[in-house]
Amino acid sequence: MHEAWTFSDYILLVIGAIFVNNILLAQFLGNCPFLGVSRKMETATGMAMAVIFVMTLAGIITWIVQTYVLVPLRLEYLQTIFFILIIAALVQLVEMFLQKSFPALYQALGIFLPLITTNCAVLGVAVINIREELTFLQTVVYSFASAVGYGFALILFTGIREQLEVSGIPDFMKGTAIGLVTAGLLSLAFFGFAGMVG
Amino acid sequence: MSLWKDFSKGLWKDIAPFRIVLGLCPTLAVTTAADNGLAMGLATTFVLTCSNILVSALRNIIPRRVRIASYVLIIATFTVMVELVMQAYFYPLYMILGIFIPLIVVNCIILGRAEAFASKRPVLNSIADGVGIGLGFSMSLTVLGAIREILGAGTLFGYAIFGPDFSPMTFMVKPPGAFVWLGLLLGVMNIIKRGRV
Amino acid sequence: MREMIKMIVVLTAISIISGGALAFLERTTREPIEYQKLKFVKGPAVLAVLTGYDNDPIKDYRKDVVLEERDGVVTRKSIFPGKKGGKCFAVAFEVTGQGYGGPIGVIIGIDLKTGHLTGKRVTTHSETPGLGARSVEPGFYEQFVGLAPAGVALMDKGGKINAISGATTTTKGVLEAVRKGMELFSRTRDKIIGACQSG
């Protein structure tokens, strides 16, 4: 990544992160909760919101820690440990903060927050920010856009899955098996977006 | 006898990611070829076995309330070790597996085994469990990688297996192929399981 | 309270042991990792411009040799030596120029005796696919082999290089990089030869 990004470059980054390189369907990050919470629309929406919240925050904080702590101290090799601890601590803090200050939001997101620590999409985006040598502003935009892409795919997928529940599917394919095949088709559909960003 | 049981259940009865549906991200992402799947499986086996040993050995020392934090710390340590060793001696492989090496730390199989098995059993049983589940996972990844490599590139472990006229179905090595094949394999496993019961 | 202390002690102990073990492993793997990175990232380009020598330029390379200091700016280069029978014949190092889409990294190889190019390869670029990106193709880089500094210019400027059609900026960026590298070589020849022989 080089200097002097114009506004349209950022728009491309956003479109790329949401549609073309969708974090779930093209980069395979965060699949366990994807299949776990996509049975009901309510839980899927809750999870999507929680991911958007935590992933954006985590992307920003890990970038700051990497740039101002790990690199100056030459501790880059401890990146994995630091990042996962930061994310775990962040999730805890967010949980406590919401419980005290925004009880309604906490009610909605509450049970999904602990699940996010082991959602590899969060750690994944934090690592990608560093590996692609994104600037601070790019990190903010990319983390947020990736999270939106995650939520978008999750909600789309849940819509399809609710339909599948009432369709006649052979017994052995019920549940996760047909879910994965459906995700494959959705991923194929997202492939069509690849032509959008040249 | 019980050691053998702890080991062998991971190879079929509780094989990941089919019977224990966890660890899907690396399963889907790195199985573009059989050898990548195998390498990822072995790296995971190493981290899983080592973390099982430590979690089991420390099971009477770690206080319950900080156990998850301790497990994550232990798993992360071994993950970084794999990262460093891979960079130093298998750099091309490290570039292919890329971001999924650090992500071993959030592979739910490992944390799951620490919590469900190693934190309650003696060290030897935990080793058997870790190696068994790890090898089962490696097997699954290799099979999935082989199917996708054969169909998508016409090769197996890098060797061409069809004549020059074979035109590969590129979509198999792309993301959609991963989802579809994992789903189909899961369906096949369900049929086999039911046939036996 | 006792529970609390135990929790803190256990977590601290695990952190310290983990940190110690990793610090030790990091130190033992630091050199091989650096070697592997050079070998697989810059290595192919270095080996392509230093052909016909019997040493391993990546193993013998000298990191960040101080070549000159002008107006308070210190120029450092990592030097890859090309040797035969233990004697230095050529060196390779990386230079950068400004292209259309950002900086272009170029590895150039220079014959120590004549100061002519033994070859050049583009290592990193973000040029337009199909146009500027063609700077990595043989048709372009083979023109540079054996050139003296004066030859590194476009045909119409009295040099020997055909521009990549449709990518003048990229061509100019690459030429600028190569020329800068050759000038640096002629200014600091003795230091480069010294670094090569100590490698």
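Residues numbered from 1 in each chain as written. Chains lettered and ligands numbered in written order. Predicted model: local features only at pLDDT ≥ 70, side-chain atom pairs only at ≥ 80, totals over all residues. Heavy atoms only, no water.

(A) Fine view of the overall build of chain C. Scanning chain C from N- to C-terminus turns up four helices and five strands. Counting helices and strands in the order they occur from the N terminus, chain C gives α-β-β-β-β-β-α-α-α. What you see for chain C is a C-alpha radius of gyration of 22 Å, clearly larger than the 16 Å of a compact globule of 199 residues, by over 25%. If you line up chain C on its principal axes, its C-alpha atoms span 85 × 40 × 35 Å. Taking the average location of the 28 positive side-chain charges in chain C and that of its 20 negative ones, the two points are 2 Å from each other. (Helix = DSSP H or I, 4+ residues; strand = E, 2+ residues; numbered from the N terminus. Rg over C-alpha atoms; globule rule 2.2 N^0.38 Å. Lys, Arg positive; Asp, Glu negative; His and termini not counted. Charge placed at Lys NZ, Arg CZ, Asp CG, Glu CD.)

(B) Focus on the sheet that holds strand E5 (residues 117-124) of chain C. Residues and elements named next belong to chain C. The five strands are arranged E1-E2-E3-E4-E5 in an open sheet whose pairing can be described as antiparallel. Only two strands of the sheet have a single partner each, and these edge strands are strand E1 (62-70) and E5. With direction set aside, neighbouring strand axes in the sheet form an average angle of 30 degrees. (Pairing = 2+ DSSP bridges. Axes fitted to C-alpha atoms, helices over the stretch in contact; angles between N-to-C directions.)

(C) Region of the structure containing the packing of helix H3 (residues 41-70) of chain A against helix H8 (residues 136-165) of chain A. Residue and element names in this part refer to chain A. In the contact formed by H3 and H8, the axes pass within 9 Å of each other and the chain directions differ by 165 degrees. On the basis of the axis angle, H3 is roughly antiparallel to H8. Here the hand of the crossing between H3 and H8 comes out right-handed. Across the contact of H3 with H8, the residue classes break down as 18 nonpolar, nine polar and one charged. (Parallel < 35°, antiparallel > 145°, perpendicular 65-115°, else oblique. Left-handed = near helix turned anticlockwise from the far one by under 90°. Nonpolar A, V, L, I, M, F, W, Y, C, P; charged D, E, K, R; others polar.)

(D) Local environment of the side chain of Glu95(A). If you trace the backbone, Glu95(A) turns up in helix H4 (residues 79-101). Although buried, Glu95(A) forms no salt bridge, and the nearest oppositely charged side chain, Arg65(B), lies 13 Å from it. Glu95(A) has contacts with Tyr106(A), Leu113(A) and Pro114(A), leaving out every residue within four places of it along the chain. (Buried < 20%, exposed > 50% of the residue type's maximum accessible area, 1.4 Å probe, protein only. Salt bridge = Lys/Arg side-chain N within 4 Å of Asp/Glu carboxyl O. Contact = heavy atoms within 4.5 Å.)

(E) Structural view of the packing of H4(A) against helix H7 (residues 120-131) of chain A. Residue and element names in this part refer to chain A. Across the interface, H4 lies against H7 with an axial gap of 10 Å and an inter-helix angle of 135 degrees. For the element pair H4 / H7, the angle class is oblique. Where H4 crosses over H7, the two elements pack in a sense that is right-handed. Contacts from Gln79, Phe83, Ile84 and Ile87 of H4 reach H7 at Val122, Leu123, Ala126, Val127 and Ile130. Class assignment of the residues belonging to the contact of H4 with H7 gives a composition of eight nonpolar, one polar and no charged.

(F) Here's a closer look at the layout of surface pockets. One number sums up the size of the second largest pocket: a volume of about 820 Å³. Pro114(A), Thr117(A), Thr118(A), Ile68(B) and Leu111(B) are the residues nearest the centre of the second largest pocket, which is lined by 28 residues in total. Only helix H2 (31-36), H4 and helix H6 (113-116) of chain A together with helix H4 (67-89) and helix H6 (108-118) of chain B provide two or more residues apiece to the lining of the second largest pocket. The greatest single-element share of the lining of the second largest pocket, amounting to seven residues, is contributed by H4(A). Here the lining of the second largest pocket is built from residues that sort into 21 nonpolar, five polar and two charged. (1 Å grid on protein atoms, 1.4 Å probe; cavity = no way out; pocket = protein on both sides within 12 Å on 5 of 7 lines; lining within 4 Å. Points joined across faces, edges and corners; volume = space filled by probe spheres on them.)

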